[in-house]
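# Analysis of the macromolecular model
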Amino acid sequence: MGIGNYRPNAPAITLRITDVYSGRAELNGQRVRVKGTVDRVNVVQGVNYVHLKDGSGSSANKDDDLLCISTTPVEKGAQVVFEGTIAVDRNVGMGTQPVVLDQASTR
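I will try to describe carefully the structure that is included in this document. The structure presented is a predicted model; accordingly, all values stated were derived computationally and were not measured.

Here is what the cut-offs are and how they apply
Residues numbered from 1 in each chain as written. Predicted model: local features only at pLDDT ≥ 70, side-chain atom pairs only at ≥ 80, totals over all residues. Heavy atoms only, no water. Core = buried A, V, L, I, M, F, W, Y, C linked by side-chain atoms within 4.5 Å. Buried < 20%, exposed > 50% of the residue type's maximum accessible area, 1.4 Å probe, protein only. Helix = DSSP H or I, 4+ residues; strand = E, 2+ residues; numbered from the N terminus. Contact = heavy atoms within 4.5 Å. Pairing = 2+ DSSP bridges. Salt bridge = Lys/Arg side-chain N within 4 Å of Asp/Glu carboxyl O.

## Overview of the nonpolar core
- Ranked by internal contacts, the top residues of the largest apolar core, which has 20 residues, are V32, V34, L52, L66, C68, F82 and L101.
- Breaking this core down by element, the ones donating at least two residues are α1 (17-22), β2 (31-44), β3 (47-53), β4 (66-70), β5 (79-91) and β6 (96-106).
- When residues no more than four places from it in sequence are discounted, the contact partners of F82 are V32, R33, V34, V50, L52, C68, S70, V74, L101, A104, S105 and T106.
- If you look at the next biggest cluster of nonpolar residues, it comprises six residues, including L67, I69, A87 and V92.

Structure below.
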């Protein structure tokens, strides 16, 4: 199922990180699933700010690293599948992020 076929209240679709960035306006508020490798984790007051990479996108385009906000602890290097809600232009206290996966949990 492509981004353009997403239906509200449908089960979460699995997307690549670059697809989350390119479709963020359409995906805002929708549940999605992203699989990748934990690149970095910052824990602030019990909240895990997880940087996830899946090999898609590029650092030059700044669409290769998705910030996932979760209460689920994960370790750097772990292969995980996060499911959560897309939030656009979110201020996370470390600056405004163009897109984040909010309320993310592992599947």
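Now that the structure is up, let's keep going.
## Section: the pairing of β6
- The sheet contact formed by β4 and β6 spans three bridges and is parallel. Paired with S70 across the strands is A104, a residue of β6.
- As paired elements, β5 and β6 share eight bridges and run antiparallel to each other. The partner of T85 across the bridge, within β6, is D102.

## Some words on the pattern of salt bridges
- Inspection of the entire model under this criterion finds five salt bridges.
- Among the salt bridges present, the one from D64 reaches K53, with a minimum N-O distance of 3.6 Å. Of this pair, D64 sits in the loop between β3 and β4 while K53 sits in strand β3, and the two are 11 residues apart along the sequence.
- By sharing partners, the salt bridges in this structure join R31, R33 and E83 into a single network.

Read these as geometric descriptors, not functional statements.
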